[in-house]
Structure formats: C-alpha cells, structure tokens
Amino acid sequence: MSSIFKKILDGEIPCHRVYEDDHVLAFLDVAPLSRGHTLVIPKQVASSLHELTEESGAALGSALVKVSNAIVKATGATDYNILQNNGKIAGQAVFHVHFHIIPKYDEGDGLGLIWNSSTVSDGEILAKEIQQAL
Ligand code: AMP
C-alpha cells in the first residue's frame with residue numbers, strides 16, 4: 001500500500017514544498033511542533049533509513065544542511081532538532097523515510113525529549129560487532 005508521502009511525491013496529495021532535487025523532497029509538516037517544522041524525504045521508497053541506497057542517504061544529508069540553513073534564515077530560530085523515527089515503537093507513523101527539522105524558539109516549544117541514558121558495559125565487544133557488520 002502506498003504511503004501518504006509517496007502520494008505527495010506522486011502529486012496526488014498537495015504539500016507546501018520548500019525544496020526538491022533529483023533524490024529528495026522537503027515540505028512543511030501538516031501538524032507542526034513549531035513554526036517552520038519541515039520534513040525532508042527521499043524519493044526512493046523505503047520505510048527505514050538503513051534500507052536506503054547510499055546515494056539517497058548522501059542526497060538527504062546534503063538537503064538537510066541546505067534546508068536547515070534556509071529554515072534558520074527564514075524563521076530566525078537558531079536552535080532546532082533533527083528527528084528521524086524508524087519503526088512503530090520508535091514513534092514512526094508514516095512508513096516512508098523522513099527527517100523532521102523542528103525549530104526551537106523556547107525551551108517549552110518544539111520537540112520534547114525524554115533521554116533514558118544508561119552505561120555501556122561491553123563497549124569493546126559491541127563496537128567490534130557493529131564494525132564487523134559494516
Ligand atoms: P513520524 O511520527 O516520524 O512518522 O512523523 C510523521 C509526520 O508526518 C507527522 O509529524 C505528521 O504531522 C506528518 N504528516 C502526516 N501527513 C502529512 C501530510 N499529508 N503532509 C505533511 N505532513 C504530514
């Protein structure tokens with residue numbers, strides 16, 4: 001089934017477009033957490049970040065810098081969060097990869113964070129396991 005963002009990419013659903021290139025589209029979030037809340041999505045159809053080609057990933061990285069810069073200039077917000085949810089329990093609601101750029105004008109607005117930090121007990125082993133999976 002086609003996601004709502006695929007429908008936006010195909011022009012079946014309107015959006016407030018802010019940036020587009022061969023690999024990426026950026027548009028305003030329909031239910032913003034703050035003024036200027038923007039979504040940056042790949043044109044490649046994929047649900048989670050790790051499923052993307054490196055070409056899509058590189059284009060997203062470049063667009064994120066470009067669009068963040070434009071949002072800072074246009075809104076005057078120098079602080080902002082980049083959020084990217086993968087999977088239902090990570091808070092993903094639309095299953096097409098997307099990055100949120102969420103301006104923060106004040107401590108009480110924009111994205112709220114709960115940071116459940118812990119400690120690393122097996123760092124050497126874990127880092128090796130991840131290195132080997134690259
Ligand atoms: P996530 O929880 O990371 O999957 O976030 C999905 C985001 O998509 C939410 O912030 C929604 O407000 C936004 N969204 C859903 N439908 C649309 C739409 N048609 N146009 C723009 N943003 C949308």
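Remember, it's a predicted structure, so these values are computed and weren't measured experimentally.

Turning our eyes to something else, we now look at the site of the ligand. If you check the shell around the ligand, you find 16 residues, and the closest are Asp29, Gly91, Ala93, His98 and His100. In this structure, a nitrogen atom belonging to the ligand sits 3.1 Å away from a main-chain N or O atom of Val30. Measuring from an oxygen atom of the ligand, one finds a side-chain N or O atom of His100 at 2.8 Å. Coverage of the ligand by the protein amounts to 81% of the 510 Å² it exposes when considered alone. Residue assignment for the shell around the ligand shows that the elements contributing at least two residues are helix H1 (4-9) and strand S2 (24-28). Looking at the shell around the ligand, the element that brings in the most residues is H1, giving 3 residues. Looking at the shell around the ligand residue by residue, the classes come out as 10 nonpolar, 5 polar and 1 charged.

Analysis parameters
Per chain, residue numbering runs from 1 following the sequence as it is written. It should be noted that, the model being predicted, local features are given only for residues of pLDDT at least 70 and side-chain atom pairs only at 80 or more, the latter also being counted only at that level, while totals for whole chains, interfaces and linings use all residues. Excluded from the side-chain calculation are hydrogens and water; included are all heavy atoms of the structure. Put simply, a residue is near a molecule or strand once any heavy atom of it comes within 4 Å of that molecule or strand. In the analysis that follows, any N or O atom pair within 3.5 Å is treated as a polar contact, provided that within protein one partner can donate a hydrogen and the other can accept it, and provided that, for residues neighboring in sequence, both atoms belong to side chains. Residue burial considers only the protein chains on display, and all accessible areas are found by Shrake-Rupley using a 1.4 Å probe. Secondary structure is summarised from DSSP: a helix means a run of H or I of at least four residues, a strand means a run of E of at least two, and numbering begins at the N terminus for each. Lys, Arg, Asp and Glu make up the charged group, whereas Ala, Val, Leu, Ile, Met, Phe, Trp, Tyr, Cys and Pro make up the nonpolar group; the residues left over, Gly among them, are polar.

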